[in-house]
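# Residue-level structure breakdown
Below are the chains, spelled out letter by letter.
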Amino acid sequence: MSENTGESPEKIHSLEATRVSLKDEVESAKILLQEGLYDEAKKILYRALILSPHFKKAQEILSQIQKKELDQILESHPRSQTKSSFEDPDEVIRKLNEDLGLELGLESIDPHLENWNYNAELSGKEHFDLGVAFFEMGCFRDAIRELQKSIRVVRQEFTDLGELGVSALALCAECFLGLDEAFEAKMILEPAISDAELQHEEKTPLYYLMGRVEEALGNRSGAKAWYGKVLLSDSFFRDAAFRVKTL
């Protein structure tokens, strides 16, 4: 027989694991972004957006990551004399519409499909700028088309890929990885990595991306070897050191 002491009964604690809220997960992604762990942050953000497609904070952080990754790709080439500044993708498309009459729209988009087509003749730099705009919008298939056109124009006009060609190729590989098409990324990276006219330092971002490719394909030892080549040139390049430790 129990006595009534007048005290509140003890709370019964559930043994079920406490589910982390989407808001807390996005805050974790923000911390990972600050630490430079972009891929880990993106996994959390993509998961959050699957559950809540219109989660504005997750979209904003994902956009920040894409811009930072793009800056790292394009600023990693030693021949760069000036820092490129990238406009809002909507503004880039608006200007291209006005200057070149491309008639590109900004309707609902599917990142895995080509959303826009046009017939205008563009320079390698114009194709690249358009590819950057599509990449920042998450339209990877459209970005791949433009970046591959940029690479073709560069190869036709110059004897080597140069800064523009390498930047376009690296960003193109990023797009394929964004679409989970690692083998396609590997196919475009291998010829450039074997290019004797490119210096080792110029290939650093390509080595890093090849590491990402091998990691995506499940080849841990191969990935580690590529990241090792990256660290020989730049011990602070993106998250290469972290990836080596976790492989």
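Here is a short report on the structure shown in this document. Because the structure is predicted, anything quoted here is derived from the model rather than measured. (Residues numbered from 1 in each chain as written. Predicted model: local features only at pLDDT ≥ 70, side-chain atom pairs only at ≥ 80, totals over all residues. Heavy atoms only, no water.)

## Things to note about the packing of aromatic side chains
Per the counting criterion, the structure on display carries 4 aromatic pairs. Considering the side-chain rings of Y208 and Y227, the 5.8 Å spacing of their centres and the 50° angle between planes classify their relative orientation as tilted. On the criterion of sequence distance, the pair formed by Y208 in helix α9 (residues 204-216) and Y227 in helix α10 (residues 220-233) is long-range, its members being 19 residues apart. Each member of the pair Y208 and Y227 is classed as buried. (Phe/Tyr/Trp six-rings, centres within 6.5 Å; stacked < 30°, edge-to-face > 60°. Helix = DSSP H or I, 4+ residues; strand = E, 2+ residues; numbered from the N terminus. Buried < 20%, exposed > 50% of the residue type's maximum accessible area, 1.4 Å probe, protein only.)

## So, the environment of V244
Following the sequence through the fold, V244 ends up in helix α11 (residues 240-246). C-alpha separation for the pair V244 and G211, spaced 33 residues apart in sequence, amounts to 9.7 Å.

## Focus: the state of the cysteines
One pass over the full model with this rule turns up 0 disulfides. Looking at C172, it has no disulfide partner, and the nearest cysteine sulfur is the one in C175, 6.1 Å off. On the accessibility criterion, C172 (0% relative accessible area) is buried. With a relative accessible area of 0%, C175 lands in the buried category. (Disulfide = S-S within 2.5 Å.)

## Overview of helix α5 (residues 124-136)
With 13 residues, α5 ought to run about 18 Å at 1.5 Å a step, and its terminal C-alpha atoms sit 18 Å apart, in line with that. With 10 of 13 residues buried, α5 is to be regarded as a mostly interior element. Along α5, the residues that are buried comprise G124, H127, F128, L130, G131, V132, A133, F134, F135 and E136. Count one or two residues on from α5 and you reach G138, which has phi positive near 80°. (Expected span 1.5 Å × (residues − 1).)

## Section: the nonpolar core
Formed by 45 residues in total, the largest nonpolar core has its most connected members in L147, L189 and L206. The set of elements that each furnish at least two residues to this core consists of α5, α6 (140-157), α7 (162-178), α8 (182-193), α9 and α10. Looking at this core element by element, the count peaks at 10 residues for α7. (Core = buried A, V, L, I, M, F, W, Y, C linked by side-chain atoms within 4.5 Å.)

## Focus on a nonpolar patch on the surface
A cluster of nonpolar residues, F183, M187 and L217, forms a patch on the protein surface that exposes about 310 Å² of accessible area. With respect to the helices and strands, the residue L217 is situated in the loop between α9 and α10. (Patch = residues over 30% accessible without salt bridge, like charges linked within 9 Å, V, L, I, M, F, W, Y side chains within 5 Å. Areas by Shrake-Rupley, 256 points an atom, 1.4 Å probe, with all protein chains shown as cover. Salt bridge = Lys/Arg side-chain N within 4 Å of Asp/Glu carboxyl O.)

## Describing the environment of I61
With respect to the helices, strands and loops of the structure, I61 is situated in helix α3 (residues 56-75). Among the residues examined, I61 registers a relative accessible area of 2% and is labelled buried. Residues I61 and K30, 31 residues apart in the sequence, show an inter-C-alpha distance of 6.8 Å. Those residues in contact with I61 that sit more than four places away from it in its chain are V26, K30, L33 and L45. (Contact = heavy atoms within 4.5 Å.)

## Brief notes about α8
Taking 1.5 Å per residue as the helical rise, α8 with its 12 residues ought to reach 16 Å, and the 16 Å between its terminal C-alpha atoms agrees with that figure. Those residues of α8 not exposed but buried are A182, A185, K186, I188, L189, A192 and I193. Each element contacted by the buried residues of α8 is listed here: α7, α9 and α10.

## Overview of unusual backbone geometry
The backbone of D180 shows a phi angle near 60°, a positive value even though the residue is not glycine. One non-glycine residue with positive phi stands out, namely R238, at about 45°. Position of R238 relative to the elements: it lies in the loop between α10 and α11.

## Section: the packing of α6 against α7
Contact geometry for α6 and α7: axes closest at 9 Å, N-to-C directions at 155°. Classified by the angle between their axes, α6 and α7 sit roughly antiparallel to one another. Note that α6 runs across α7; the crossing there is left-handed. Along the contact surface, α6 presents F140, R141, A143, I144, L147, Q148, S150, I151 and V154, while α7 presents L164, G165, A168, L169, L171, C172, C175, F176 and G178. (Axes fitted to C-alpha atoms, helices over the stretch in contact; angles between N-to-C directions. Parallel < 35°, antiparallel > 145°, perpendicular 65-115°, else oblique. Left-handed = near helix turned anticlockwise from the far one by under 90°.)

So, to be careful, I would describe these as geometric facts and stop short of saying anything about function.
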